[in-house]
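Structure assessment
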Amino acid sequence: MSDTLITIIAIFLAAVLLFIFPLMSISERNDDISQTVVQTATSEFVDEIAISGLIKPSSYEAYQQKLVATGNSYEIEMEVQHLDQNPGKKSATTSANAIGENVRYSTFTTEILNSMYTEEPAKSYSLKKGDNVIVTVKNTNKTMAQTLRTFFYKVTGQGTYQIAASSSSMVVNTGKTTN
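Rules used throughout
- Residues numbered from 1 in each chain as written.
- Predicted model: local features only at pLDDT ≥ 70, side-chain atom pairs only at ≥ 80, totals over all residues.
- Heavy atoms only, no water.
- Helix = DSSP H or I, 4+ residues; strand = E, 2+ residues; numbered from the N terminus.
- Buried < 20%, exposed > 50% of the residue type's maximum accessible area, 1.4 Å probe, protein only.
- Contact = heavy atoms within 4.5 Å.
- Phe/Tyr/Trp six-rings, centres within 6.5 Å; stacked < 30°, edge-to-face > 60°.
- Salt bridge = Lys/Arg side-chain N within 4 Å of Asp/Glu carboxyl O.
- Patch = residues over 30% accessible without salt bridge, like charges linked within 9 Å, V, L, I, M, F, W, Y side chains within 5 Å.
- Areas by Shrake-Rupley, 256 points an atom, 1.4 Å probe, with all protein chains shown as cover.
- Axes fitted to C-alpha atoms, helices over the stretch in contact; angles between N-to-C directions.
- Parallel < 35°, antiparallel > 145°, perpendicular 65-115°, else oblique.
- Nonpolar A, V, L, I, M, F, W, Y, C, P; charged D, E, K, R; others polar.
- Polar contact = N/O pair within 3.5 Å; in protein donor to acceptor, adjacent residues only side chain to side chain.
- Left-handed = near helix turned anticlockwise from the far one by under 90°.
- Arc of directions from axis to C-beta.

Considerations on the overall build of the chain
- A count of helices and strands for the chain gives four helices and six strands.
- If you list the helices and strands of the chain from N to C, you get α-β-α-β-β-α-β-β-α-β.
- When burial is assessed residue by residue, the chain has 31% of its 179 residues classed as buried.
- A separation threshold of at least 6 residues defines the contact pool for the chain, and within that pool the share at least 24 residues apart is 75%.

With respect to helix α4 (residues 144-153)
- Listed as buried for α4 are Ala 145, Gln 146, Leu 148, Arg 149 and Thr 150.
- The elements touched by buried residues of α4 are α1 (2-52) and β5 (132-139).

Re the packing of aromatic side chains
- Under the definition given, this model contains two aromatic pairs.
- Between Phe 45 and Tyr 60, the ring centres sit 6.2 Å apart and the planes meet at 50°, which makes this aromatic pair tilted. Of this pair, Phe 45 sits in helix α1 while Tyr 60 sits in helix α2 (residues 57-68); the two residues are 15 residues apart in sequence, bridging distant segments of the chain. Tyr 60 matches Phe 45 in its accessibility class, with the two residues each being buried.

Remarks on the pattern of salt bridges
- Following the criterion strictly, the structure yields three salt bridges and no others.
- Here Glu 44 and Lys 66 are joined by a salt bridge, their closest N and O atoms 3.2 Å apart. Highlighted residues: Glu 44 in helix α1 and Lys 66 in helix α2, separated in sequence by 22 residues.
- Residue class for Glu 44 comes out partly exposed when judged on its relative accessible area of 42%.

A short note on a nonpolar patch on the surface
- On the surface, Leu 17, Phe 21, Phe 151, Phe 152 and Tyr 153 cluster together into a nonpolar patch covering about 550 Å² of accessible area.
- Only α1 and α4 provide two or more residues apiece to the nonpolar patch.
- For the nonpolar patch, the element with the most residues is α4, which contributes three residues.

Things to note about the environment of Ser 124
- Mapped onto the secondary structure, Ser 124 falls in the loop between α3 (109-117) and β4 (125-126).
- Taking the C-alpha atoms as reference, Ser 124 lies 9.7 Å from Gly 53; in sequence the two are 71 residues apart.

Topic: the packing of α2 against α3
- At their nearest, the axes of α2 and α3 sit 11 Å apart, and the two run at 125° to each other. In terms of orientation, α2 lies oblique with respect to α3. Each of Pro 57, Tyr 60 and Glu 61 in α2 lies in contact with α3, whose residues at this interface are Leu 113, Met 116 and Tyr 117.
- Counted by class, the contact of α2 with α3 contains five nonpolar, no polar and one charged residues.

Things to note about the side chain of Glu 79
- Of note, Glu 79 is situated in strand β2 (residues 74-86).
- There is a polar contact of 3.3 Å between the side chain of Glu 79 and the side chain of Gln 81.

Section: the packing of α1 against α4
- As a packed pair, α1 and α4 sit with axes 8 Å apart at the nearest point and diverge in direction by 135°. Judged by the angle between their axes, α1 and α4 are oblique. Both α1 and α4 take part in a crossing whose hand is left-handed. Only Met 144, Ala 145, Leu 148, Arg 149, Phe 152 and Tyr 153 of α4 make contact with α1, whose side of the interface consists of Ile 20, Phe 21, Leu 23, Met 24, Ser 27, Glu 28 and Asp 31.
- Residues belonging to the contact of α1 with α4 are distributed by class as follows: nine nonpolar, one polar and three charged.

Let's talk about α3
- Those residues of α3 that fall on the buried side of the exposure criterion are Thr 109, Ile 112 and Met 116. Along the long axis of α3, the arc covered by the buried residues comes to 70°, so they all point the same way. Along α3, the residues that are exposed and aim more than 90 degrees away from the buried face are Thr 110 and Glu 111.

In structure tokens form, the structure reads like this:
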């Protein structure tokens, strides 16, 4: 009886060592690769916006396609902090070179996309020099690594994400639309 029990335990341990741990390792590696792809795509997208001064529908759609190619679904959050230069009277409390004050106001994803896709054909969202662009991405699905980790370790909870990226830049050229 004890030999049978030891044999069953040995077979179970062999199965775990031969199948489960390599599967976990491969799925973790896959998430690492997806993380690298998402971070690179996000940085390239933001750099393109900063250089051109435009959020082009074609660029946004190409960016979405790069993200989808990883096999995961993502939530993309964009924020544009518009520079609102407010020239005014010089006052005694400001430096001799400063006139008025600069204020920033933000535009977020929904407003940006509504502006781009309300007309046919879709038009570019124009920015001006000095605006800030911030793009944040998080996966919305559970990856294989998350599922296995949850099953074995009970580490991850609801609402967590495995793959995320963020990038920001200041716009260096005022965008001029040709539409």
